[in-house]
Each structure stands twice: as structure tokens, then as C-alpha cells.
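Remarks on the overall topology
The chain contents come next:
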Amino acid sequence: MISELLQYKFITNSLLAGILASISCGIIGTYIVTRRMVFLSGGITHASFGGIGIGYFFGFNPIISAAVFGILSALGIEFVSKRSEIREDSVIGILWSFGMAVGIMFVFLTPGYAPNLMSYLFGSILTVSTLDILLMAGLSLILIIVFIAFYRIILFISYDQEFAKTHRIAVSLINYILISLVALTIVLNIKVVGIILVISLLTIPQSTANLFTKNFKNIIIASIVIGLIGAFLGLVISYKINIPSGASIIFSLVIIFILAKLFQLSVRKIKLKKQKV
Amino acid sequence: MSKIVEIKSVFAGYNDEIILKDVSLDIFDDDFIGIIGPNGGGKTTLLNVILGLLKPLKGSVKFCDDLRTDRNNKIGYLPQQNKIDKKFPITVKDVVLSGLIYKSGFLSRHSKADKLKTDNTLERIGICNIKNSPIGELSGGQMQKVLLARAIVSSPRLLILDEPNTFVDNQFEGELYEILNELNKEMAIIIVTHDVGTISSYVKTIACVNRSLHYHKSNKISEEQLALYDCPIKLITHGDVPHTVLKKHNH
């Protein structure tokens, strides 16, 4: 079946997209989860829908405008929440819904039927274009370089920003750069699983990995592997029973998480029993 | 004895609220200052000003010598433990190594000297046995020791501790003060405590912060002196337990 699948270009493209999504989400997801920025990332994800709507209306690639919109909202959240008296989560809530509102307005203002709109909401890995693949590959490469080159700085700042500040590290600058990379990762992975589901790629593999390792670097590596397995399983399910790939990928990831949790619990039980005897 | 920090009539606060009013304090290299005062009185604000985390609205903070002139930071900082995320996936060794963060540049390689320094500090604080443990598995006292090791790994000239005696038991507190007493031979120490009840007898001077700062140049008050002043609090003490009564003052 696999060799038969590989004959189609869209299948190889979607496999590539799955691999690249696992890499970028494995790295950025670990940063998001350990820094407890999941809600913030949800905000960026939905805000970027504004960019997709604008892209439709003005007729350019929605991913590009979504990237611009996503990065701007990410920087905006980071900037406003540090300075104003509004709570950070309220700022996120406002931008979250504002982005969606802008997106809906522009989609409805665009004359005619909006093609592929559903693919942005729920993901459609089978329609990933070669340009999408190139962008994702570029992003993965940048992330790998940044996280290898500045691993310790990123780790230490994530652990304790204030301490890093007392040592005169440019914490704000690094935060701005990383939040932009978070936004880029989210937007470029929207095609794979969609706006509604992209947050799962950034959290489920990490939570699964975190069951077995308490080491930042190992969580990244394990998340990438788990993401790969989930993406591959999801694609096969999606092909077999003809459902959107985003849903089947997340379904596989959650099943993997549940199995891992059960495995961990039973290992603990066995250990306890041994101690009692 | 030389002056390392000079705080001159500093006003500081957040947004529109001024918390510290006209605070002046000189810190010398052999000081062991205990900072006390009510919650919201500005203890942490004062620390933030000294640490450079908060810019004063008025007044000046001067660092003498090489304290703040290069990247090699000479201030060690132990934050309140509740500011630390205990679920963060990091090992004890890496937390201590992060005390040398100003050295971690491109490619994130730490030199052998840095690793040796980390090992020595772990040994000095007595936590070599948990070197490779994730921080999530530590007790409150162990965590405090790890944070102390991180604060001193860069051999600072000034060590600042924000409420190190919360979340720990009495035995640890005794141990902590023993270590601090040793460290005081090499560096100045400022310690913030949440209540007056348990401040160490090793503390040489006491600064009372409640919006303004009142500096008691000694940590002891003789009985004759006691008789002269109205005591703002009732004292209950068991015989020889060392205690300090500060004279009444108006902020």
C-alpha cells in the first residue's frame, strides 16, 4: 500500500509536511509547554485567521498575510502584557477574538465563494503545496539552528527570566524573537491540521514525552518522534476511511498519549508491588 | 571595609504608585544586612532596585568598583521560591550552571572551568548527591539550596536573598544561616525575611523597610536601651533564646 501511495505527488508532499510539522512543533511546542504559554499560543493561532481573511480579500497567499498578522499579534501581546495594567490573559482573549472577527469580515466581503476556507480551519495536509513545504523546511532549519546555537540561553531564560535579567541578558529581545518563531510555527502548520487543531501538535507530543523525561532537550527529541508517529498514523487513517487528516492526526496523538499514560501507571504499580514484597 | 553600593534618596514604584520614598543605604563589602518590614512595605521593590530590575523614579543607585561594569555580574540573587516553576524540566546541575548564564553565548558551550566551578559549588552547599535530579523531585529545603548554589556560583561580591526561609523547616534554616555566615567572609549579604521572629543572629545590621527605610546599625539592643524605649510589640521569649528588639520609629 505504501509504495502505491508514494506514487502520488500529493502523498509525498503530505508525508514531507508531516515530518516538517513534527520537527517545528516538537521544538516550539516544548518551549510553549514548559513556559506555560499554551493559552498565548491559542490566541496567536486564532488571531492569525484575521490574516487569512485579509489574504483572501486582497488576493494574495493567505499563509503570507497570516504570518504577518500572527507575528504582529504575538509581538503585540508580548508588548502590551508587560507594560499595561490589563492582565495578560485578557489581552490574549481580546486579540484572539479580534483576529477571528477580522477574518470573518474579510472572508464575507470577498466576492464569490471562498475556496479552501475549510482547509484553513480544519487543515488539509493533502493540499499542501510545494511552496508550503519549502517554507516549512526553512522554518525547521531556522529552529534547529537557533535551538542548538542558543540552547542554554533559551533554557535558562525559560526557567527564570528575572534571574537572567539580573545578569544583564537581553531577555526582552530574546522573548520577542522566540515569540515571533512561535507565531511563524503556528501559521505554517495551519495547513497541516488547521487553526482549530494546531495547538494539539504543540502540546500533545510534549505532554506525552514529559511523562517519561524531565529533560528539556529530551522532551524536544521525543516530541518530534511522537509527532512523526502520530502524523504517519493519522495520514494512513485519513486515507483509509476518507476523513480530514487534521482530525485523524490529533486522534492518533491522543491515543498515543493515553497508551503512554497507561503504560506509565502500570510500570509504577509494578514498582510499588516489588517494593512491598 | 569598602563601600560597594550607594543608594541615594531613591524613589521607586510601579505604574503610578510610589512604594519607596527617599531611601538611602550604603552597602559595604562585609555587610550582613537583614531587611524586615510588613508585606507591601517595599522590601522586594528595594531588592529590585539594587538588582537593576527596576529603575528608580528619582535618586541614584551607584555600584562601586567592578560590581556592574562588565558582563561579569558580581551580584548573586536568590528569588522567592514561589516565583520558580517546579515543573520546569531542568536538572539541579543545569540550574546551578545557569548562574553563569552571562557566559553562555554562541553554541552554548560551557568551559571546563565553569563545570568545575559548578561541581565545587554543589559540594560546598552539600547537594552533590542530587546533582542529576530534576528539580520537580526536590523538597523545599533542597530547592532552596539549589537556588543558593546558583546565586553564588559566579563568586559574587554581593549576595541578595529574598525570603529564603519560607517553605523550609527549622533545621534547614539553621543550616542555611551557617552557610551564609561562612559566605559572609567572602561577600556582602542582604537577606529579606518575612517576619521578625526568625532573623538570624549572624545578621549584623537591620534595615526596616516600610515605604521609607530605617537603618539600625546594630542587631543588638542592650537592656538599658530597652528600658528607655517603648516597645511596639509584646515579646514572649524563653530564657536565653537570642532576640532583638528594635527601637520604635516612625516611617
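Residues numbered from 1 in each chain as written. Chains lettered and ligands numbered in written order. Predicted model: local features only at pLDDT ≥ 70, side-chain atom pairs only at ≥ 80, totals over all residues.

Some points on the overall build of chain A
Applied cut-off: Here a helix means four or more residues in a row that DSSP labels H or I, a strand means two or more in a row labelled E, and each is numbered from the N terminus. Restricting the calculation to C-alpha atoms gives the radius of gyration, and the globule rule supplies 2.2 Å times the number of residues raised to the power 0.38. Around each residue's C-beta, the other C-beta atoms within 10 Å are counted; 20 or more make the residue buried, 12 or fewer make it exposed, and counts in between make it partly exposed. All C-beta atoms are placed from the backbone. We call two residues in contact if the C-beta atoms placed from their backbones are at most 7 Å apart.
Each helix and strand in chain A was counted, giving 14 helices and 0 strands. The C-alpha radius of gyration computed for chain A amounts to 20 Å, which stays within 12% of the reference 19 Å derived for 277 residues, consistent with globular compactness. On the principal axes, the C-alpha backbone points of chain A span a range of 75 × 55 × 30 Å. Looking at chain A as a whole, 47% of its 277 residues qualify as buried. Looking at chain A alone, contacts between residues at least 24 apart form 73% of all its contacts between residues at least 6 apart.

Some details on unusual backbone geometry
All names here are of chain B. Positive phi outside glycine occurs at S9, with the angle close to 30°. Phi at S155 is positive, roughly 45°, even though this residue is not glycine. Turning to its location among the elements, S155 is positioned in the loop between α4 (140-152) and β6 (158-162).

With respect to the sheet that holds strand β4 (residues 58-63) of chain B
Residues and elements named next belong to chain B. The condition that has to hold: DSSP bridges decide pairing: two strands pair if at least two such bridges lie between them. Every angle, taken between N-to-C directions, lies between 0 and 180 degrees, and every axis is a line fitted to C-alpha atoms, over only the stretch in contact when it is a helix.
Taken in spatial order, the 3 strands of this open sheet run β2-β1-β4, and their pairing is antiparallel. Each of the sheet's edge strands pairs with one partner strand only, and the pair in question is β2 (17-28) and β4. Averaged over all pairs of adjacent strands, the angle between their axes in this sheet comes to 15°, without regard to strand direction. Sheet topology places strand β1 (residues 3-14) next to β2; 8 bridges connect them, and they run antiparallel. Pairing of E6 across the sheet is with D26, part of β2.

What to know about the environment of L109 of chain A
Along the polypeptide, L109 of chain A turns up in helix α5 (residues 88-109). For the pair L109 of chain A and F57 of chain A, spaced 52 residues apart in sequence, the C-alpha to C-alpha distance is 7.0 Å.

Regarding the interface of chain A and chain B
The interface is formed by 24 residues belonging to chain A together with 25 residues belonging to chain B. Take the side of chain A that touches chain B: its biggest share by element is 6 residues, from helix α8 (residues 151-159) of chain A.

Comments concerning the nonpolar core
Basically, it comes down to this: Nonpolar cores are built from buried Ala, Val, Leu, Ile, Met, Phe, Trp, Tyr and Cys residues. These are joined into a set through C-beta atoms within 7 Å.
Counting residues in hydrophobic clusters, the biggest one holds 141 residues, and the most contacted among them are V182 of chain A together with I160 of chain B. Counting residues per element, this core draws most heavily on helix α2 (residues 9-34) of chain A, which supplies 10 residues. Beyond its immediate chain neighbours, meaning those up to four positions away, V182 of chain A contacts I28, I32, S41, I44 and A74 of chain A.

Overview of the sheet that holds strand β7 (residues 188-192) of chain B
Whenever strands of a sheet pair, they do so through backbone hydrogen bonds, lying parallel or antiparallel. Residue and element names in this part refer to chain B. Read across the sheet, 6 strands follow the order β5-β6-β7-β3-β8-β9 without closing on themselves; strand pairing throughout is mixed. Sheet topology places β5 (75-78) and β9 (212-216) at the edges, where each strand pairs with a single neighbour. Taking the axes of each pair of neighbouring strands and ignoring which way they run, one obtains an average angle of 15° across the sheet. Against the sheet, helix α1 (residues 43-51) touches β3 (32-36), β5, β6, β7 and β8 (205-210), its axis set at about 150° to β6. Along the sheet, α4 makes contact with β5 and β6, crossing β5 at roughly 165°.

Quick look at the packing of helix α12 (residues 198-212) of chain A against helix α14 (residues 245-276) of chain A
Residues and elements named next belong to chain A. Basically, it comes down to this: Note on terminology: angles under 35 degrees are roughly parallel, angles over 145 are roughly antiparallel, angles of 65 to 115 are roughly perpendicular, and the others are oblique. Working rule for handedness: look at the near helix, and if it is turned counterclockwise from the far one by less than a right angle, call the crossing left-handed; if clockwise, right-handed.
The interhelical angle for the contact between α12 and α14, taken along N-to-C directions, is 15°, at an axis separation of 9 Å. With respect to α14, the element α12 is oriented roughly parallel. Both α12 and α14 take part in a crossing whose hand is left-handed. The residues of α14 that touch α12, namely those facing S200, I204, P205, S207, T208 and L211, are I250, L253, V254, I256, F257, A260, K261 and Q264.

Regarding the pairing of β8 of chain B
All names here are of chain B. Here 4 bridges tie β3 to β8, and the two strands are oriented parallel to one another. Looking at the pairing, I36 lines up with C208 of β8. Alignment of β8 against β9, held across 5 bridges, turns out to be antiparallel. Bridging across to β9, A207 finds its partner in Y215.

What about the environment of I204 of chain A?
Residue and element names in this part refer to chain A. Along the chain, the position of I204 falls in helix α12. Judged by the 24 C-beta atoms lying within 10 Å of it, I204 is buried. As for I204 and L253, which are separated by 49 residues in sequence, their C-alpha atoms are 6.6 Å apart. Here I204 is in contact with L253, V254 and F257, once residues within four sequence places are set aside.

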